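Summary of structural features
Below, each chain spelled out in residue letters.
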Amino acid sequence: MQERLKGLFADTLGMRFVEVIADRVRAELDVREELCTVPGVMHGGAIMAFADTLGGVATSLNLPAGAGTTTIESKTNFLAAARTGQTIHGECVALHRGKQTLVWQTRVTVDDRLVALVTQTQIVLAPKQTPQEVLAALFSEKPLEEQKTQLATLERAGAGLYRAWAAGEADAMMKEALLAAAEREEENARTLEHGA
């Protein structure tokens, strides 16, 4: 994970991952002056970013192939200060792992003292489908006769598009080719509907 996030925000923060498994992610971060809100005290936003990164990483380990994620809600309770020279530790565990959302709780500590408790919700972003996959999904798990009816409807829609394009076509040869394509689509629809 360390290598995967190299050059990204987690790397900029200086996060070090200690454990990365599907139901728990642990990391640590040294409190430096550039992460402070006032001299010597770590900025709350840096703590939240640390915890949010843990939840995002944990979610990424639980996603279906090709899916993505983003945080849709995050709540932080700040309970103590983290100071320059200390190291914060974060442990992120699952509260809920559903198909659409995952909820994580991250405990941020310094020397076993609770600094912050963060609960965040991550949404699962479905992978982008190719046009072929979208069309295939229209037909999946449907009886053959229903598939034929759907395909005939699509063929007739294609015929309508070819005719509309032909109506606006100035080139006579192209117009003829478009009308011929429309007729093939209609013939395909008739074959699907009547088997002839």
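Residues numbered from 1 in each chain as written. Predicted model: local features only at pLDDT ≥ 70, side-chain atom pairs only at ≥ 80, totals over all residues. Heavy atoms only, no water.

Tracing the chain through its elements places Val108 in strand β7 (residues 101–110). Sequence spacing of Val108 and Ile47 is 61 residues, and the spatial spacing of their C-alpha atoms is 7.8 Å. Residues within four places of Val108 in sequence aside, it is in contact with Ile47, Phe50, Ala51, Ile88, His89, Gly90, Arg113, Leu114, Val115 and Ala116. (Helix = DSSP H or I, 4+ residues; strand = E, 2+ residues; numbered from the N terminus. Contact = heavy atoms within 4.5 Å.)

Compared with an ideal rise of 1.5 Å per residue, which puts 23 residues at 33 Å, helix α5 (residues 172–194) spans 33 Å between its outermost C-alpha atoms and is within 8% of the ideal. Those residues of α5 that fall on the buried side of the exposure criterion are Leu178, Ala181, Ala182, Glu185, Glu186 and Ala189. Tucked inside the fold, the buried residues of α5 contact α4 (144–167). Regarding α5, its N-cap is Asp171, as a side-chain oxygen of that residue lies 3.0 Å from the backbone nitrogen of Met173 further along. The first or second residue beyond α5 is Gly195, which carries a positive phi of 70 degrees. (Expected span 1.5 Å × (residues − 1). Buried < 20%, exposed > 50% of the residue type's maximum accessible area, 1.4 Å probe, protein only. Polar contact = N/O pair within 3.5 Å; in protein donor to acceptor, adjacent residues only side chain to side chain.)

As a further point, take the nonpolar core. Grouped together as the largest cluster of nonpolar side chains are 33 residues, with contacts concentrated most on Met15, Phe17, Met42, Phe50, Leu54, Ile88 and Val108. Every element with two or more residues in this core is listed here: α1 (9–13), β2 (24–30), α2 (44–60), β6 (87–97), β7 and β8 (113–125). Of the residues forming this core, the biggest block, eight residues, is contributed by α2. Setting aside residues up to four positions removed in sequence, Met15 forms contacts with Gln2, Ala10, Ala27, Glu28, Leu29, Phe50, Thr53 and Leu54. (Core = buried A, V, L, I, M, F, W, Y, C linked by side-chain atoms within 4.5 Å.)

The next point concerns the sheet that holds strand β1 (residues 16–21). The six strands lie next to each other as β1-β2-β6-β7-β8-β5, forming an open sheet whose pairing is antiparallel. Since the sheet does not close on itself, it has two edges, and those belong to β1 and β5 (68–78), each with one partner. Strand-to-strand twist across the sheet, computed as the mean angle between neighbouring axes with direction ignored, equals 20 degrees. Relative to β7, β6 runs antiparallel, the two sharing eight bridges. (Pairing = 2+ DSSP bridges. Axes fitted to C-alpha atoms, helices over the stretch in contact; angles between N-to-C directions.)

Next up on the list: unusual backbone geometry. For Asp112, which is not glycine, the phi torsion reads 65 degrees and is therefore positive. Structurally, Asp112 is set in the loop between β7 and β8. Using a relative accessible area of 79% as the deciding quantity, one classes Asp112 as exposed. With phi around 60 degrees, Glu141 is a residue other than glycine that occupies positive phi space. Mapped onto the elements of the fold, Glu141 is located in the loop between α3 (131–139) and α4.

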